[in-house]
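Here is how the chains run, residue by residue.
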Amino acid sequence: MPNRAKKRGAPRAEPQGLTGWQQIAAFLGHPAAVVQRWASEGMPVRRQGRFVTTTPEELNAWLGRESGKPVHVATEDTDLAAELKRGLAFVRHEKEPSAARKQAGRSKKEKGRETDIPG
């Protein structure tokens, strides 16, 4: 029996698509009726015959645009620790400007108090 050489390359990283309202709804964690309404309001789906399709990447990007914050729907393959780090970094970055404003506001108030105190 001849020994066949097997190709051992890295598997292709093709985006895994979601087909049908049920798969899309399960991915988003909402009922199919809600997902269908979102599709009518601009959620990225494509009609292929009698089915609708989309990819998790498209849905994550759309959710991020709608919410104004980076969004990633967690799946079984998601590295939750990495997502937590990403989320915390985003929150810290968002809070930095307001913390700087508070500090600036305090120093102005303190300066005002210094001038109000009779000397």
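Since we're looking at a predicted model, the values are computed, not measured. (Residues numbered from 1 in each chain as written. Predicted model: local features only at pLDDT ≥ 70, side-chain atom pairs only at ≥ 80, totals over all residues. Heavy atoms only, no water.)

**Here we look at the nonpolar core**
Core analysis: the largest hydrophobic core is formed by 16 residues, its most contacted members being Trp21, Ile24, Leu28, Val35, Trp38, Met43 and Leu59. Elements that contribute at least two residues to this core include exactly α1 (21–28), α2 (32–40) and α3 (56–67). Sequence-distant contacts of Leu59, that is, excluding residues within four places in its chain, are made with Leu18, Ile24, Phe27, Leu28, Met43, Pro44 and Thr54. (Core = buried A, V, L, I, M, F, W, Y, C linked by side-chain atoms within 4.5 Å. Buried < 20%, exposed > 50% of the residue type's maximum accessible area, 1.4 Å probe, protein only. Helix = DSSP H or I, 4+ residues; strand = E, 2+ residues; numbered from the N terminus. Contact = heavy atoms within 4.5 Å.)

**Comments concerning the packing of aromatic side chains**
For the structure on display, the rule yields one aromatic pair. Here the aromatic rings of Trp38 and Trp62 are separated by 6.0 Å at their centres, their planes lie at 50°, and the arrangement is tilted. Of the two residues, Trp38 is situated in helix α2 and Trp62 in helix α3; the sequence distance between them amounts to 24 residues. Across the pair, Trp62 and Trp38 agree in class, each one buried. (Phe/Tyr/Trp six-rings, centres within 6.5 Å; stacked < 30°, edge-to-face > 60°.)

**Some details on the sheet that holds strand β1 (residues 18–19)**
Ordered in space as β1-β3-β2, the three strands form an open sheet in which the pairing is antiparallel. Each edge of the sheet is formed by a strand with only one pairing partner; in this case those strands are β1 and β2 (46–48). Looking at chain direction, β2 and strand β3 (residues 51–54) are connected through three bridges and run antiparallel. Looking at the pairing, Arg47 lines up with Val52 of β3. (Pairing = 2+ DSSP bridges.)

**Some words on the pattern of salt bridges**
Counted under the stated rule, the structure contains two salt bridges. Two residues, Arg37 and Glu41, come together in a salt bridge whose shortest N-O distance is 3.8 Å. The exposure class of Arg37 is partly exposed, given its relative accessible area of 44%. The shortest N-O distance in the salt bridge between Glu58 and Arg46 comes to 2.9 Å. Within this pair, whereas Glu58 is found in helix α3, its partner Arg46 is found in strand β2, the two being separated by 12 residues in sequence. Accessibility expressed as a relative area gives 27% for Glu58, which makes it partly exposed. Classification of Arg46 as partly exposed rests on a relative accessible area of 34%. (Salt bridge = Lys/Arg side-chain N within 4 Å of Asp/Glu carboxyl O.)

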